[in-house]
Amino acid sequence: PAAEDAVQVLETTSSSLIGLVLVLVSSYYFLVDWTGLRDWLINLLPELERPDARRLLSEVDIIWWAYVRGTFVLMIIMGVVFIIIGTAIGLPGAFGLGLLTGLLSMIPEIGPIVAAIIASLVALVEGSRFLPISNLWFALLVMLIYIVIMQIKSLWVRPLVMGRFMHMNTGLAFVAIIGAIILQGVLGALVVLPVLATGGILGRYIRARLLNLPPWPEEEKKQVVLVAEQS
């Protein structure tokens, strides 16, 4: 049974990692060639619908780039924090491990676990440079630090940073991330915020069109001012 459980965990992890790599590579190519793809999609529509489509795709583009910038800021924060902590406790290779932790922090759940395991193995083999404790206790200390910091990152830092960059309520960002982890796993948590924001943009536009309202707030303001001037 233990061997079967280990194989199952390995298969699940491998599938998640493969899916993650595919999502990252696909996102990279979409972002690189986004202008050509956007123009191609717009040209498929009737000419009267093209201005709205261009505006919608422009807002979606802003949302996804905001998510990318927020992810990079989160990676930098985590990298700097673990470089400082690793240096403070005498962890060998603290700078490199901090950079690796920052890079892996973009992957919910799996990334922090991998980073914690690598740092704990280094602590177990090398020990601390100046803390007077055994290698085993030092490895346990490093693992505990990683668990605590990553929980703070998942519960507070990530929703706060992403909420600020994407102009989304922090509580809503937290609930969305946790719900995506529970329902869809790593891949769902990775893209849930920009997908949710994109859905909000599209939903607002569809509602405005159904109710025969101006889909953009500034157009609605201009219409109100025009009516007031005419009256």
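Above this text is the structure in question.
Residues numbered from 1 in each chain as written. Predicted model: local features only at pLDDT ≥ 70, side-chain atom pairs only at ≥ 80, totals over all residues. Heavy atoms only, no water.

Undergrad: Please clarify how the packing of helix H5 (residues 110-126) against helix H6 (residues 135-165) should be interpreted in this entry.
TA: The relative placement of two packed helices is expressed as an angle between their axes plus a distance between the axes. For the pair H5 and H6, interaxial distance at closest approach is 7 Å and the crossing angle is 160°. Overall, the two elements H5 and H6 adopt an arrangement that is roughly antiparallel. Between H5 and H6 lies a crossing of right-handed hand. Counted together, Pro112, Ala115, Ala116, Ile117, Ala119, Ser120, Ala123, Leu124, Val125 and Glu126 of H5 and Asn135, Leu136, Phe138, Ala139, Val142, Met143, Tyr146, Met150 and Lys153 of H6 form the full contact between these two elements. When the residues that make up the contact of H5 with H6 are grouped by side-chain class, the tally is 15 nonpolar, two polar and two charged. (Axes fitted to C-alpha atoms, helices over the stretch in contact; angles between N-to-C directions. Helix = DSSP H or I, 4+ residues; strand = E, 2+ residues; numbered from the N terminus. Parallel < 35°, antiparallel > 145°, perpendicular 65-115°, else oblique. Left-handed = near helix turned anticlockwise from the far one by under 90°. Contact = heavy atoms within 4.5 Å. Nonpolar A, V, L, I, M, F, W, Y, C, P; charged D, E, K, R; others polar.)

Undergrad: Hey, could you run me through the nonpolar core in this one?
TA: Taken as a class, soluble globular proteins show a tendency for nonpolar side chains to be buried jointly. Formed by 24 residues in total, the largest nonpolar core has its most connected members in Phe82, Ile89, Leu91, Ala123, Phe138, Val142 and Tyr146. Where this core is concerned, the elements lending two or more residues are helix H3 (50-89), helix H4 (94-104), H5 and H6. In terms of residue count, the dominant contributor to this core is H6 (nine residues). Grouped together as the second largest cluster of nonpolar side chains are 19 residues, Met166, Ala189, Leu190 and Trp216 included. (Core = buried A, V, L, I, M, F, W, Y, C linked by side-chain atoms within 4.5 Å. Buried < 20%, exposed > 50% of the residue type's maximum accessible area, 1.4 Å probe, protein only.)

Undergrad: Explain empty space enclosed by the protein here, please?
TA: Empty pockets left among the atoms are what a rolling probe the size of a water molecule brings to light. Under the definition given, this model contains one cavity of 30 Å³ or more. Quantified by volume, the largest cavity comes out at close to 40 Å³. Residue lining of the largest cavity: Phe82, Ile85, Gly86, Ile89, Leu91, Val142, Ile145 and Tyr146, and that is the complete set. Mapped onto the lining of the largest cavity, the elements with two or more residues apiece are H3 and H6. Among the elements that line the lining of the largest cavity, the one with the most residues is H3, at four residues. Looking at the lining of the largest cavity residue by residue, the class counts come to seven nonpolar, one polar and no charged. (1 Å grid on protein atoms, 1.4 Å probe; cavity = no way out; pocket = protein on both sides within 12 Å on 5 of 7 lines; lining within 4 Å. Points joined across faces, edges and corners; volume = space filled by probe spheres on them.)

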